[in-house]
Amino acid sequence: MTRALCMAALIVPFVFGQINWTQHTVTNSFDGAVWVHAADFDGDDDMDIVGAAWDADEIAWWENDGNENFTEHILTSTFNGASSVYAADLDTDGDMDILGTAYLANTIKWWENDVTGIEEDSHEGISQDNHFATIIDGPLHVEHGSY
């Protein structure tokens, strides 16, 4: 039995192959990074990155130059307890906007993309205590209720 397990351990990697990963650092100064999402924000067909940083109270996006070099753009540094971000075309104008939540501020906001970059002004959404939101793919539908 032990011999069969050893043979399986040796054969399985060759049969199913292995995935090798190379680590790349986008930034090491995003204090309390808690959430990231990838989407094409600037319409150049490469994936950019958006992130939320709890300790820094920041929502930021990193523009990919096509060669995996990223330039940081801070959308806000006053989003108390920034806890998640998501990309979706919220205003159905053909470009990706950014939706973010701030746990300590009890707030959901979205940042409208003007295609040349995400506007730094935000649109405030639900900001009531004891409510939650669920995002569904497709046109934006926000369900809220007490928990």
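Note that the coordinates shown come from a computational prediction; the quantities given were computed from them, not determined experimentally.

J.: Honestly, the overall build of the chain in this entry has me stumped. Any pointers?
T.: Counting its secondary structure elements, the chain contains one helix and 10 strands. Put simply, the chain has 147 residues, and 29% of those count as buried. When the accessible surface of the chain is split by element, carbon and sulfur atoms take 52% of a total near 9,600 Å².

J.: I'm lost on the packing of aromatic side chains in this one. Help?
T.: Aromatic rings considered in pairs are described by the distance between their centres and by the relative angle of their planes. One pass over the structure, following the stated rule, counts four aromatic pairs. Note on phenylalanine 30 and tryptophan 62: the rings are 4.8 Å apart at their centroids and 85° apart in plane angle, and the pair reads as edge-to-face. Of this pair, phenylalanine 30 sits in the loop between α1 (2–16) and β1 (33–39) while tryptophan 62 is found in strand β3 (residues 58–64), placing the two residues 32 residues apart along the sequence. Like tryptophan 62, phenylalanine 30 is buried.

J.: Mind showing me how you'd approach the sheet that holds β3 here?
T.: Consider a sheet: its strands pair through backbone hydrogen bonds, and that pairing is either parallel or antiparallel. Judged by pairing direction, the sheet is antiparallel, and its four strands sit side by side in the order β1-β2-β3-β4 without closing on themselves. Single-partner strands in this sheet number two, and they are β1 and β4 (70–76). Going across the sheet, the axis of each strand differs from the next one's by a mean of 20°, ignoring polarity. Pairing between β3 and β4: six bridges, direction antiparallel. Considered in β4, the bridge of asparagine 64 is made with phenylalanine 70.

Rules used in this analysis
- Residues numbered from 1 in each chain as written.
- Predicted model: local features only at pLDDT ≥ 70, side-chain atom pairs only at ≥ 80, totals over all residues.
- Heavy atoms only, no water.
- Helix = DSSP H or I, 4+ residues; strand = E, 2+ residues; numbered from the N terminus.
- Buried < 20%, exposed > 50% of the residue type's maximum accessible area, 1.4 Å probe, protein only.
- Areas by Shrake-Rupley, 256 points an atom, 1.4 Å probe, with all protein chains shown as cover.
- Phe/Tyr/Trp six-rings, centres within 6.5 Å; stacked < 30°, edge-to-face > 60°.
- Pairing = 2+ DSSP bridges.
- Axes fitted to C-alpha atoms, helices over the stretch in contact; angles between N-to-C directions.

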